[in-house]
Amino acid sequence: MDSHIELQEELLQLISSLRRFIQFEKDTKGHCPGMFLRGDVAHHSTTFEEIHEDDEISYDTAVTLDDVRRELGDCRRCGLYQGRKNIVFGEGNHTAELVFVGEAPGQQEDIQGNPFVGRAGQLLTRIIEAMGLARKDVYICNILKCRPPGNRNPKPDEISVCEPFLIKQLEIIQPKVICALGTFAARTLLKTDVPISLLRGKFHLYQGIKLMPTYHPAYLLRNPGAKKQVWEDVQMIMKELKEGIGSRDSG
Ligand code: URA
């Protein structure tokens, strides 16, 4: 290609990327228009009540997310069950190409039983929309399925009993990309102590799946300046997803 045309194309790409960033900045401003109500995002959300407890399924043979949810049951594997209102299993598209993994449910999530529905969740929704997607297109879940009291950090024993269920969820969904939101998700999935600031900005591999760590939306609420980095990270995800269009069975 003629170098003049190449330069022109590069410039056009730069302008379009800048436009999308400005739009992203706008979209993620003033993100508190009221809470999601349970049911607003009810697509494929699996609640315990929807599943028959007497259908005994072994964890190892679970082939659907409903099987995994059934196996989790009315979980009492760690002490968190004592303070929880609801188990927050995860929700979204069971064949999603993109899965977001957060840390643990907060107060709103515990009340509503769905992941990322509080203030940080509303910001995550805007980030997803800025990517040209909707919440129903992706799958959203957490390292822990129950809220730690007062939103304290997850403890190692809680992670170790809960993580197998997340591993199974990811194994069943087989997404093209996982986006780990924040330190806990990134460190737990990648089995590393490296800080999120050094992990983000590049793809890592989780069981052969591309994993992009980025800052947690709750961190963005406190540090809006970090939106630039998150935008860079999600652009890399968008590029990765676009490259695979048509190569994956949408079933
Ligand atoms: N923060 C998380 O990490 N997960 C949620 O579901 C909500 C807030």
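It should be emphasised that the depicted structure is a prediction, and the values quoted were computed from it without experimental measurement. (Residues numbered from 1 in each chain as written. Predicted model: local features only at pLDDT ≥ 70, side-chain atom pairs only at ≥ 80, totals over all residues. Heavy atoms only, no water.)

Along its length, the chain carries nine helices and six strands. Expressed as a percentage of contacts within the chain between residues at least 6 apart in sequence, the contacts between residues at least 24 apart total 73%. Here the chain has roughly 12800 Å² of accessible surface; of this, 52% comes from carbon and sulfur atoms. (Helix = DSSP H or I, 4+ residues; strand = E, 2+ residues; numbered from the N terminus. Contact = heavy atoms within 4.5 Å. Areas by Shrake-Rupley, 256 points an atom, 1.4 Å probe, with all protein chains shown as cover.)

Around the ligand, the surrounding shell consists of Gly102, Glu103, Ala104, Glu109, Pro115, Phe116, Asn142 and His216. His216 places a polar side-chain atom, nitrogen or oxygen, 2.9 Å from an oxygen atom of the ligand. When atoms are counted within 2 Å of each cavity's grid points, the one that captures over half of the ligand is the largest pocket. (Near = heavy atom within 4 Å. Polar contact = N/O pair within 3.5 Å; in protein donor to acceptor, adjacent residues only side chain to side chain. 1 Å grid on protein atoms, 1.4 Å probe; cavity = no way out; pocket = protein on both sides within 12 Å on 5 of 7 lines; lining within 4 Å. Sits in = over half its atoms within 2 Å of the grid points.)

Another aspect to go through is the pairing of strand β6 (residues 209–214). The side chains of a regular strand alternate, first on one face of the sheet and then on the other. A large share of β6 lies buried, amounting to five of its six residues. Two elements, strand β4 (residues 177–181) and β6, share five bridges in a ladder whose sense is parallel. Looking at the pairing, Ala180 lines up with Pro213 of β6. Bridge count for strand β5 (residues 204–206) against β6 is three bridges, and the pairing is antiparallel. Directly across from Tyr206, in β6, lies its bridge partner Ile209. Counting the residues that bridge the hairpin from β5 to β6 gives two residues, and of these Gln207 lies at a positive phi of roughly 50°. (Buried < 20%, exposed > 50% of the residue type's maximum accessible area, 1.4 Å probe, protein only. Pairing = 2+ DSSP bridges.)

Once that is clear, we can look at the sheet that holds strand β1 (residues 91–92). Two strands in a sheet stick together by hydrogen bonds in their backbones, pointing the same way (parallel) or opposite ways (antiparallel). On the basis of which strands lie adjacent, the open sheet formed by six strands has the order β1-β3-β2-β4-β6-β5 and mixed pairing. With one partner strand each, in any of the chains shown, β1 and β5 form the two edges of the open sheet. Here strand β2 (residues 98–102) pairs with strand β3 (residues 139–142) via four bridges, running parallel. If you follow Gly102 over to β3, its bridge partner there is Asn142. On the sheet, helix α9 (residues 227–243) packs against β2, β4 and β6 and is oriented at approximately 165° with respect to β6. (Axes fitted to C-alpha atoms, helices over the stretch in contact; angles between N-to-C directions.)

Here we come to the environment of Asn93. Among the secondary structure elements, Asn93 is positioned in the loop between β1 and β2. For Asn93, a relative accessible area of 21% translates into the label partly exposed. When the C-alpha positions of Asn93 and Lys136 are compared, they lie 5.8 Å apart, and in sequence the two are 43 residues distant.

It is the rolling of a water-molecule-sized probe over the atoms that shows where space remains empty. Here the largest pocket defines a volume of roughly 630 Å³. As for the largest pocket, its lining consists of 31 residues, of which Glu103, Ala104, Ala120, His216 and Ala218 are closest to the centre. Listed by contribution, the elements that provide at least two residues to the lining of the largest pocket are α3 (107–112), α4 (119–130), α6 (182–190) and α8 (217–222). Partitioning the lining of the largest pocket into residue classes produces 14 nonpolar, 11 polar and six charged. (Points joined across faces, edges and corners; volume = space filled by probe spheres on them. Nonpolar A, V, L, I, M, F, W, Y, C, P; charged D, E, K, R; others polar.)

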